[in-house]
Structures are given as structure tokens and as C-alpha cells.
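Geometric and topological summary
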Amino acid sequence: HPPLHVRVIPSPAMIATVAPITVPTASPRTTTELVESFMSAWSHLVGDPLLSKWIVVVLAMSISLNGYLLKAIGAGVTAGKTNLLGRMNAQSCPTSSKPVALGEN
């Protein structure tokens, strides 16, 4: 069966009975109103049971990954006795009785 296309054209009398649509002017909103609007939208979004469960799962995964990475960084810093810039700490450098200038052996 071919598709059926219908075109509806309102009569001038019908158009005259409809109230004109007025677009409200956008007044500048305060920060409090913006925060309240965001929190209201967020509460409605998180109210969805399926979406809220996924948010909790992703949050738990993020916290776990952050803990794992921070633990690995801490283990690497203490095992190699290097600071965060990759330089050797004074405790792990070979000790010598006199300082050596660059270029000297």
C-alpha cells in the first residue's frame, strides 16, 4: 500500500478564534534561580530508578580506580625512592665523601 499524505489547512475563522502565542521575554536569572533550576532538573533525572543505579555504579567504579591508581603511584614512589618529579632521593643516592662537580670524574 502506498503512503497516505494528509494536509490540514485551518480556515480563517478557526485561526481567528485561537489566541495568539506570546513568547515570554527572557529575563536575566539570578545565580540562585539557576542553581535551583539545575537541582530540580537533576533531582528529576536521578529519580529515574534505572539511571540512578547506573550513576551509583559509575561513581563506585571511579572511586575504586582512583584508589587503585593512587596506591600504585604511592608504591612506585616508595619502591624506587624517587620523588614525584622522578629524581632520586638523597637517601638512595650513593654516598661520597666529597661533592662532585659536573664534568668531573
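For clarity, every value in this text was computed on a predicted model and none was experimentally measured. (Residues numbered from 1 in each chain as written. Predicted model: local features only at pLDDT ≥ 70, side-chain atom pairs only at ≥ 80, totals over all residues. Heavy atoms only, no water.)

**Considering the overall build of the chain**
The cut-off we apply is this: Think of it this way: any DSSP run of H or I at least four residues long counts as a helix, any run of E at least two long counts as a strand, and we number them from the N terminus. Think of it in three bands: residues with accessible area under 20% of the maximum for their type are buried, residues over 50% are exposed, and the middle band is partly exposed, with areas taken using a 1.4 Å probe on protein chains only.
Looking only at helices and strands, the chain has 3 helices and 0 strands in total. Among the 105 residues that make up the chain, the fraction classed as buried is 1%.

**Thoughts on a nonpolar patch on the surface**
Stated precisely, the cut-off is as follows: Patch membership is restricted to residues that have no salt bridge and whose relative accessible area is over 30%. Joining uses 9 Å for like charges and 5 Å for the nonpolar side chains Val, Leu, Ile, Met, Phe, Trp and Tyr. Here, Shrake-Rupley sampling with a 1.4 Å probe gives the accessible areas, and only protein chains in the shown set may cover a residue. Any Lys or Arg side-chain nitrogen found within 4 Å of a carboxyl oxygen on Asp or Glu counts as a salt bridge.
A contiguous nonpolar surface patch, about 550 Å² in accessible area, is contributed by Val35, Phe38, Met39, Trp42, Leu45 and Ile55. According to the relative accessible area criterion, Met39 is partly exposed, its value standing at 43%.

**Quick notes on the confidence of the model for the chain**
Put simply, the test is: Values of pLDDT, the confidence the predictor places in each residue, fall between 0 and 100.
Put simply, the chain has an average pLDDT of 76, and 68% of its residues get 70 or more. The secondary structure element of the chain with the lowest average pLDDT is helix α1 (residues 12–17), at 78, and the one with the highest is helix α3 (residues 49–80), at 86.

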